[in-house]
Amino acid sequence: MDLGTVMLMLAVGSFLFGLLLSIFKFNNNRPEEIPYWIAAKILQAVGSLLLYYEADSVALLTILADILILAGCAYEIWAVRILMGHSVNPGSHISTAVAIILASLVSIFMEYPFRNGYIFLLQSILYFLPGLFLLGKSYGKFSLRLILGISYFSTGAVFLTSSVVCLFFPENALSLRKSAVFNIIPIASFCIFLISGFIMLMLAKEKSDMLVQEMQKNLKKSEIRFQNIVETAIEGILIFDENYNITFANKNMASMLGYTVEEMIGRTYVSFIPESHTDVYNYQVSLSKKGEDSVYECCLMKKDGEKNWFLISAKAIFDDYGNFEGSFSVLTNINERKKRRCSWKKKIAN
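All of the points below concern the structure found in this document.

Rules used throughout
- Residues numbered from 1 in each chain as written.
- Predicted model: local features only at pLDDT ≥ 70, side-chain atom pairs only at ≥ 80, totals over all residues.
- Heavy atoms only, no water.
- Buried < 20%, exposed > 50% of the residue type's maximum accessible area, 1.4 Å probe, protein only.
- Helix = DSSP H or I, 4+ residues; strand = E, 2+ residues; numbered from the N terminus.
- Pairing = 2+ DSSP bridges.
- Axes fitted to C-alpha atoms, helices over the stretch in contact; angles between N-to-C directions.
- Contact = heavy atoms within 4.5 Å.
- Parallel < 35°, antiparallel > 145°, perpendicular 65-115°, else oblique.
- Left-handed = near helix turned anticlockwise from the far one by under 90°.
- Nonpolar A, V, L, I, M, F, W, Y, C, P; charged D, E, K, R; others polar.
- Phe/Tyr/Trp six-rings, centres within 6.5 Å; stacked < 30°, edge-to-face > 60°.
- Lys NZ or Arg CZ within 6 Å of the ring centre and 35° of its normal.
- 1 Å grid on protein atoms, 1.4 Å probe; cavity = no way out; pocket = protein on both sides within 12 Å on 5 of 7 lines; lining within 4 Å.
- Points joined across faces, edges and corners; volume = space filled by probe spheres on them.

In terms of residue burial, strand β1 (residues 236-240) counts as a mostly covered element, since five of its five residues are buried. Taking every second residue as pointing to the same face, both faces of β1 are buried, with Gly236, Leu238 and Phe240 on one and Ile237 and Ile239 on the other. Note: β1 against strand β5 (residues 324-333), five bridges, orientation antiparallel. From the neighbouring strand, Phe240 faces β5, where its bridge partner is Ser327. Inspection of the sheet shows β1 paired to strand β2 (residues 246-249) by three bridges, in the antiparallel sense. Note that in β2 the partner of Leu238 across the bridge is Ala249. Here β1 hands over to β2 after five residues, with Tyr244 in that stretch at a positive phi of 60°.

Okay, structure coming up:
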């Protein structure tokens, strides 16, 4: 396989991989997106494509290709750091870009093979950094992180060896220029592209699964805490779905109406309201569906048919898309207060 074919495969592969990562990013059901990873693959794809079309007479094209590939390597380092749970300073974009551009422009004044040796040296550093970082951590004997670290370190070693040959043994580099042996550089790049892409996807999936498990664990704790609060609350608590069927009732609420919790779940809210108070119910439902919270007094029917007055504080519940999901209500029994008020009114009237 010739050098040009390998570079073209690397360019197309990097572009397709970047496209795949973009699909993951905009798919809410796939949390494998890692910051900087898409940019890394697109930069490497464009740089490799420019090298595929390079001509010895177009020095600026080669310089631009080197800048893009080096920038892509730097972005991949950031992606690895984030994948390992570390943060990246947002301000490092500008400083890194300037450093890469200046370092690449220095090669304009160099001739082959010294220029290639210099660029290979820069690339080896950018491959050693994530490799040393990954190998410096203890992840277990057969960890994917360990394999990824070895892959980066091996690729860095290939670039470093080629750099040494070009810089210190230029005669050998000139003789190897058209040899198949010298194709090891793009082949090594293509291998690390395949290996790192697969392993980083696996690690991203592993990380997202851990985040989901942690979120589920925290959600369970919150549910238990909420359950304890509402079960020990003095007030009655009801939760309704979008059709105002009862989906939750605490024991105190059920007890105030003479029911068990199981008997209340699934019943409609309106079934507890006397016909003379349905206008109150309809008005409050309309407010909730508009997203307006309210506090109002309403009469509810107990299981034995007796009417009880409650002060009700209702809060509407909406999903992430603004659709009405139901209502959360806290009910305080004010029946005795109502009776005393009626007694006072009668005394005043008499």
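Having seen the structure, we can now continue with the description.
A few words on the sheet that holds strand β4 (residues 307-318). Pairing is antiparallel across the open sheet formed by five strands, whose spatial order is β2-β1-β5-β4-β3. Each of the sheet's edge strands pairs with one partner strand only, and the pair in question is β2 and β3 (294-301). Neighbouring strand axes in the sheet, compared pairwise and without regard to direction, differ in orientation by 30° on average. By the bridge criterion, eight bridges tie β3 to β4 in an arrangement that is antiparallel. If you follow Cys298 over to β4, its bridge partner there is Phe310. Docked against the sheet, helix α11 (residues 278-289) engages β3, β4 and β5, running at close to 140° with respect to β3.

As a further point, take the packing of helix α2 (residues 37-52) against helix α3 (residues 59-83). Where α2 meets α3, the axes come as close as 7 Å, and the angle between the chain directions of the two elements is 155°. As the angle between them shows, α2 and α3 are arranged roughly antiparallel. As for how α2 packs across α3, the hand of that crossing is left-handed. Looking at the contact of α2 with α3, its residues break down into 16 nonpolar, five polar and three charged.

Turning our eyes to something else, we now look at the packing of aromatic side chains. Tallying each qualifying case throughout the model produces 15 aromatic pairs. With a centroid separation of 4.5 Å and an interplanar angle of 35°, the aromatic rings of Phe240 and Tyr269 are classed as tilted. Placement of the pair is Phe240 in strand β1 and Tyr269 in the loop between α10 (261-264) and α11, with a sequence separation of 29 residues. Site record: aromatic cluster; members linked through ring pairs are Phe240, Tyr244, Tyr269, Tyr281, Phe318 and Phe324. When the ring centre of Phe272 is taken as origin, the NZ or CZ atom of Arg267, which lies over that ring, is 4.3 Å away.

All right, on to empty space enclosed by the protein then. Across all of its chains, the model carries two cavities of 30 Å³ or more by this definition. The space that makes up the largest cavity amounts to roughly 50 Å³. Taken together, Tyr244, Tyr269, Gln284, Val285, Ser288, Ser294, Tyr296, Ala314, Ser327 and Ser329 make up the lining of the largest cavity. Counting only elements with at least two residues in the lining of the largest cavity, the list comes to α11, β3 and β5. In terms of residues, the lining of the largest cavity owes the most to one element, α11, which gives three residues. Split into classes, the residues belonging to the lining of the largest cavity amount to five nonpolar, five polar and no charged. Taken together, Cys73, Glu76, Ile77, Leu126, Tyr127, Pro130 and Tyr152 make up the lining of the second largest cavity. Taken together, the elements giving at least two residues each to the lining of the second largest cavity come down to α3 and α5 (114-135). When grouped by side-chain class, the residues that make up the lining of the second largest cavity number six nonpolar, no polar and one charged.

Contact pair α5 / helix α6 (residues 144-168): the axes reach a minimum separation of 7 Å and the direction vectors enclose 160°. Considered as vectors, α5 and α6 are oriented roughly antiparallel to each other. The two elements α5 and α6 meet at a crossing, and its hand is left-handed.

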